[in-house]
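# Observations on chain architecture
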Amino acid sequence: MTEIHNKARIRWACRRGMLELDVLFMPFVDEAFDSLSAQQQAVLQRLLEADDPDLFAWFMGHQECKDPELKQMVQLILDRVRV
């Protein structure tokens, strides 16, 4: 799959229907996706497979993600996107 198709697929997966998550994911993918390594892109894709309640809890600091790679991606997104 080409990078453009992969980015479009990731961008589509970022549309969560929960405003709090949309305002984090959409700008991050638009501004930072191209600069991520292939491994980071894979971790982002894995993160987007998580359930919305879990994502919300991780991003809002209500829970800590137990997976170290996902936790690192959550922090990267929070560091890059200021709302």
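Residues numbered from 1 in each chain as written. Predicted model: local features only at pLDDT ≥ 70, side-chain atom pairs only at ≥ 80, totals over all residues. Heavy atoms only, no water.

- You'll find the protein chain entered in an unreviewed UniProt entry as FAD assembly factor SdhE, with Pseudoalteromonas haloplanktis given as the organism.
- In its Subcellular location (unreviewed entry) section, UniProt records this for the protein chain: "Cytoplasm".
- On record in UniProt, under Sequence similarities (unreviewed entry), the comment for the protein chain is "Belongs to the SdhE FAD assembly factor family." (UniProt positions renumbered as here; feature names shortened; annotations may be inferred.)

### Re the packing of aromatic side chains
- Scanning the model with the defined rule gives one aromatic pair in all.
- Seen from their ring centres, Phe 25 and Phe 59 are 5.4 Å apart, and the 85 degrees between their planes marks the pair as edge-to-face. Residue Phe 25 is located in helix H2 (residues 19-32), and its partner Phe 59 is located in helix H4 (residues 52-59); the two are separated by 34 residues in the primary sequence.
- Residue classification places Phe 25 among the buried residues on the basis of a relative accessible area of 1%. (Phe/Tyr/Trp six-rings, centres within 6.5 Å; stacked < 30°, edge-to-face > 60°. Helix = DSSP H or I, 4+ residues; strand = E, 2+ residues; numbered from the N terminus. Buried < 20%, exposed > 50% of the residue type's maximum accessible area, 1.4 Å probe, protein only.)

### Let's talk about the nonpolar core
- Phe 25, Leu 44, Leu 47, Phe 59 and Ile 77 are the most contacted members of the largest nonpolar core, which totals 25 residues.
- For this core, the elements supplying multiple residues, two or more each, are H2, helix H3 (38-47), H4 and helix H5 (68-80).
- Leu 44 has contacts with Ile 10, Phe 28, Val 29, Phe 33, Leu 36, Met 73 and Ile 77, leaving out every residue within four places of it along the chain. (Core = buried A, V, L, I, M, F, W, Y, C linked by side-chain atoms within 4.5 Å. Contact = heavy atoms within 4.5 Å.)

### Let's talk about the side chain of Arg 16
- Looking at the secondary structure, you find Arg 16 in the loop between helix H1 (3-13) and H2.
- Looking at Arg 16, the relative accessible area reads 17%, which means it is buried.
- Within the local environment of Arg 16, its side chain forms a polar contact with the side chain of Asp 52, the two groups lying 2.6 Å apart.
- If we ignore the near neighbours within four places in the chain, the residues touching Arg 16 are Leu 21, Asp 22, Phe 25, Leu 48, Ala 50, Asp 51, Asp 52 and Leu 55. (Polar contact = N/O pair within 3.5 Å; in protein donor to acceptor, adjacent residues only side chain to side chain.)

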